[in-house]
Amino acid sequence: MRESPRAPALAVLLLGCLGAGATALVLSAHLPPAAWIPALIAPAPDDLPQLLVHDSVLPRLAVALLAGAGLALAGAVLQQTLRNPLASPTTLGIEAGAQLALALATLVAPALLGPGRDAVALAGGAGAVAIVFGLSWRDRLAPLTVILAGMVVAMVCGAAAAGLSLLNEEALRGLTVWGSGALNQQDWSVAAPLAGRVLVLAGPVALLARPLQLLDLDESARSLGLSVARIRLVGLGLAVALTAAVVSAVGVIGFVGLAAPALARALGLHRFGPRLLWSGLLGAGLLWVTDAGLQAVEALAGVNVPTGAATALLGAPILLWLMPRLRLAPAAEPVPAATPRRARTGGRLVALALLAPLLGLACLVVGPSPGGGLAVARLSDLAPLLPWRWPRTLAAGSAGAMLAVAGLLLQQLTRNPVAGPEVLGVSSGAALGLVLVLFLAATPTYGLQVAAAALGSAAVAGTLLALGRRAAGPDQILITGIALGALFSAGMAVLAAGGDPRLLLVASWLAGSLSDVSPQVAVGAAASAAILVPACLLLVRWLDLAVLGPGAMRALGVCPRRASLAILALAAALTAAATLAVGPLSFVGFVAPHLARRLGFARAGERIAASALIGAGLLVAADGIGRVLAPPFQVPAGLIGTVLAGPLLIGLLQPGRRRGPA
Amino acid sequence: MAAPSRCPNRRRVLAGLGACAIPPLPAAAAGPSRVASLDYGLAQTLIALGRPPVGLSAVGGWSTWVVEPPLPAGIVDLGTARETNFELLQQLKPDLIVSTPYLERLRPLLARVAPVESFAIHATDSPPWPHLVAATRRLGDLFGAADRAEAFLAEIDGALAASAPRVAPWRDRPVLLVSFQDARNVWVFGRNSFYDDVLRRLGLANGWAGRTNPWGFAAVGMEALARVRDARLICFDPVPPEALRLIADSAIWRATGFSAPGRLVRLPPVFAFGTLPSAARFARLLAEAAAHA
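Just so you know, these numbers come straight off a predicted model, no measurement behind them.

**Some words on helix α4 (residues 94-108) of chain A**
Along its 15 residues, α4 of chain A runs 21 Å from first to last C-alpha, staying within 8% of the 21 Å computed at 1.5 Å per residue. The complete set of buried residues in α4 of chain A reads Ile94, Glu95, Ala96, Gly97, Ala98, Gln99, Leu100, Ala101, Leu102, Ala103 and Ala105 of chain A.

This is the structure we're talking about:
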């Protein structure tokens, strides 16, 4: 069965023509066409336009082609190795991991960044992949679980990097530029080494094409004497190395590594060998068109958009378009309950119900004092301080409870242990609303901001619900949420690269800061929690059934679609209400339901209550820690929560170990 | 290791005690006596008017980014501006908080502590200079120190007038003012930045005619600067070493002449969104650099 290379060849030709056209436009901004050839071959050393063409336009073109091809190859290898059409350097968190590693190195060991820059990026990327595998191992690397875990890791790494830049704004200024993937060049000192690295790594990738192709045959590969595990490991290693080479050279270029191989597949290339080759060409073409197009826009309209951010803007719609066309295996099996033993949980529930308010009380009386250090406020001094402490504590508790329950609903609904409200995209919608108001309104009053955030989250939730009505599975909805989130982050990166200082205001909210929660917002969050959390108890039966799958639901006379719509709507409402108060970031929603399960709460009803209490306690504690960790600076609760929750989540999802109740 | 880490703490405690012990201004002085500033620029003018704030955001960064005027001891750090530590602010018991429209979002919260006065200086889509002068006068009026404000304005005019002849050697070509983001990307300051106002007052031409954001700068790749012919490149520290290597080695920069002697000038940091003390500092640093070139 030979595949025709005609369709991919046409696509590459088309991209080439578009790219060449845009590049010609850029060149003509510098030089008349007659002077192009001498400028390309041997520019006169004192002719500035010729030099700009030779040392800025050309190396930038080379970098775009190399980075596009490198990321596309990495994506194709990852997709084949993991048998997962959604795998890519972006969706597995490799880019984000490398970015975080480089940020850390900038702060802690800048000396590493000279010659060791690639190694630092490589270590970060490999670390991210290792964590993604750790998270999804128990689900046998089921495609969607891997992608969800990858996006979670990417979010955590992004959060940590954001927190670092929040506290070290000036030292990490360059990282903002780099994080949005600016490809502009002023000589060949980036392009030349990148060419070397991509070519050196492309060799072994080509050699691996055949063994990787045999992975499609699974059993027969083994009988042909191949070590499947070893081939996969080598493939992964090469993909991570390719990504790290590109990322350390030019920064984060989102989604090319996903789009190019997906395009190759959509163009009818089913065998891996040809798909690998054409993916590389398509990737180079895609990035060329994007980058040259942006340069043309800059030359014509004076608007400077960094290339990496733009590819993410283009890539997210591609992900959305691909979604219904992919036949994805659902998560392998229902989430195995870690401790299904029916323990007597009443006592534990009472303990949790006491613990959460106690934590809140502690946060009310302890705080920084102007003399430096911490102080337990005396009763007489407390009165003026309480109006600052109770709103944030109440908001943290309410939002924590709501996020935890939203996480529980989503995990039950999708039967996916790494689902959570943060990946639903609802929080991104709220963030988008807020940002738009900050940038468009003449005087962005607080009320206006709240309204815009509410509208934004409602819009995303509505989109997801509409999608749900059109019979998309819960997993598809989650991936859509992720794509919307990525779209939002890309938009933010575009703004950040413009250097607009207004962005700093949003940055603290994005990082989950509670310091400026007003009493109204706090009371609003508490009221929402008081209504929405008990409302979940009405869905207890559906939730218990949802775990058993649609078949069981239908057998028991429940319409699976209506049930999942109701659950999804409630989860979206919970997320929106919580996001308004605490921002889009906090991994309470992932962790609290798992903790509740570990504590032996098995039935849906008591798990809702336990998750809510645990979530409330976690976020209150995170906010309290953030307040007293390094006064006068306040570390946003979302960042503290992420740093606490990340490792906790990984521990909770560890395969095998600690089977029994602890 | 414990001792050195505790030292700054003890100092902070003493500083805090000092701040609480600052006696109220003499009865003759009208207006608020305990001012908190969420903005470096406004704090600069407050100090210049002899009414240093009792609390300020991000005190630690002052000596790096603002430098002038030196910060009096005992000012309590309120955390970063956008993550203001309201509890500390409350305990300082200020009777006035000065802020900018940039932090408007925080106004309802700040207003619970003390009256808030907001000053629109930068990011108004117009040259900041008139706003700088107006803000200085308004602060003077608030403190019943209008004379002091006028004297300070005259002082600034004098400082700029004194710097103007000293930059004469640099009137031969336009200047480009850049602040590096990384080795290949810069903020270049143009219209509506207060640097630009100072350049005009000194009779220097700003080479950047391209568009800028409301704050008066554009984020561009370095190669965009190559289109400005024969300019003098003035870079605010810190400059990444990699950028210096690029400018020295690459063919583009050899052709633009930035790598020629005297065409690349490094200046110590001048706060880009500062007030008149920063303007005087910028003018003086320019004059010193031009004189030494």
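That shown, we press on.
**Considering the packing of helix α5 (residues 117-136) of chain A against helix α10 (residues 228-250) of chain A**
Residues and elements named next belong to chain A. Running from N to C, α5 and α10 cross one another at 135°; their axes reach a closest spacing of 8 Å. It follows that α5 is oblique to α10 by the angle criterion. Viewed along their axes, α5 and α10 form a crossing whose handedness is right-handed. Taken together, the residues of α10 that come into contact with α5 (itself represented by Arg117, Asp118, Ala121, Leu122, Gly125, Ala126, Val129 and Phe133) are Leu236, Val240, Ala241, Ala244, Ala245 and Ser248. A class-by-class count of the residues in the contact of α5 with α10 yields 10 nonpolar, two polar and two charged.

**Structural notes on the nonpolar core**
Residues Trp129, Tyr195, Leu202, Leu267, Phe282 and Leu286 of chain B are the most contacted members of the largest nonpolar core, which totals 62 residues. Ranked by residues supplied to this core, first place goes to helix α11 (residues 276-292) of chain B with 10 residues. Those residues in contact with leucine 286 of chain B that lie beyond four places of it in its chain are Val167, Trp170, Leu199, Leu202, Leu204, Ile234 and Leu267 of chain B. In this structure, Leu352, Ala406, Ala419 and Leu570 of chain A belong to the second largest nonpolar core, which totals 55 residues.

**As for the sheet that holds strand β7 (residues 185-189) of chain B**
All names here are of chain B. Reading across the sheet, the five strands line up as β8-β7-β6-β9-β10 and stay open at both edges, with mixed pairing between neighbours. Since the sheet does not close on itself, it has two edges, and those belong to β8 (217-221) and β10 (264-267), each with one partner. Across the sheet, the mean angle separating the axes of adjacent strands is 30° when strand polarity is ignored. For strand β9 (residues 232-236) and β10, the ladder comprises four bridges, and the chain directions are parallel. In the strand pairing of β10, cysteine 235 is matched with arginine 266. Packed onto the sheet, helix α9 (residues 241-249) meets β6 (175-180), β9 and β10 and runs at close to 165° relative to β10. The strands touched by α11 are β6, β9 and β10; relative to β10, the strand with the most contacts, the crossing angle is about 135°.

**Observations regarding the interface of chain B and chain A**
One widely used convention gives an interface's size as the accessible area the parts lose upon coming together. Each side of the interface is counted separately: chain B has 55 residues, and chain A has 59 residues. Regarding the contact of chain B and chain A, the summed buried area is about 5300 Å², with carbon and sulfur atoms giving 56% of it. At the boundary of chain B with chain A, the tally comes to four salt bridges. Arginine 389 of chain A serves as the salt-bridge partner of glutamate 87 of chain B, at 2.9 Å between the closest nitrogen and oxygen. At the junction of chain B with chain A, the criterion picks out 11 residue pairs in polar contact (both at pLDDT 80 or more). The residue inventory of the side of chain B that touches chain A, partitioned by class, reads 26 nonpolar, 14 polar and 15 charged.

Calculation notes
- Residues numbered from 1 in each chain as written.
- Chains lettered and ligands numbered in written order.
- Predicted model: local features only at pLDDT ≥ 70, side-chain atom pairs only at ≥ 80, totals over all residues.
- Heavy atoms only, no water.
- Helix = DSSP H or I, 4+ residues; strand = E, 2+ residues; numbered from the N terminus.
- Expected span 1.5 Å × (residues − 1).
- Buried < 20%, exposed > 50% of the residue type's maximum accessible area, 1.4 Å probe, protein only.
- Axes fitted to C-alpha atoms, helices over the stretch in contact; angles between N-to-C directions.
- Parallel < 35°, antiparallel > 145°, perpendicular 65-115°, else oblique.
- Left-handed = near helix turned anticlockwise from the far one by under 90°.
- Contact = heavy atoms within 4.5 Å.
- Nonpolar A, V, L, I, M, F, W, Y, C, P; charged D, E, K, R; others polar.
- Core = buried A, V, L, I, M, F, W, Y, C linked by side-chain atoms within 4.5 Å.
- Pairing = 2+ DSSP bridges.
- Buried area = accessible area lost by both parts, 1.4 Å probe.
- Salt bridge = Lys/Arg side-chain N within 4 Å of Asp/Glu carboxyl O.
- Polar contact = N/O pair within 3.5 Å; in protein donor to acceptor, adjacent residues only side chain to side chain.

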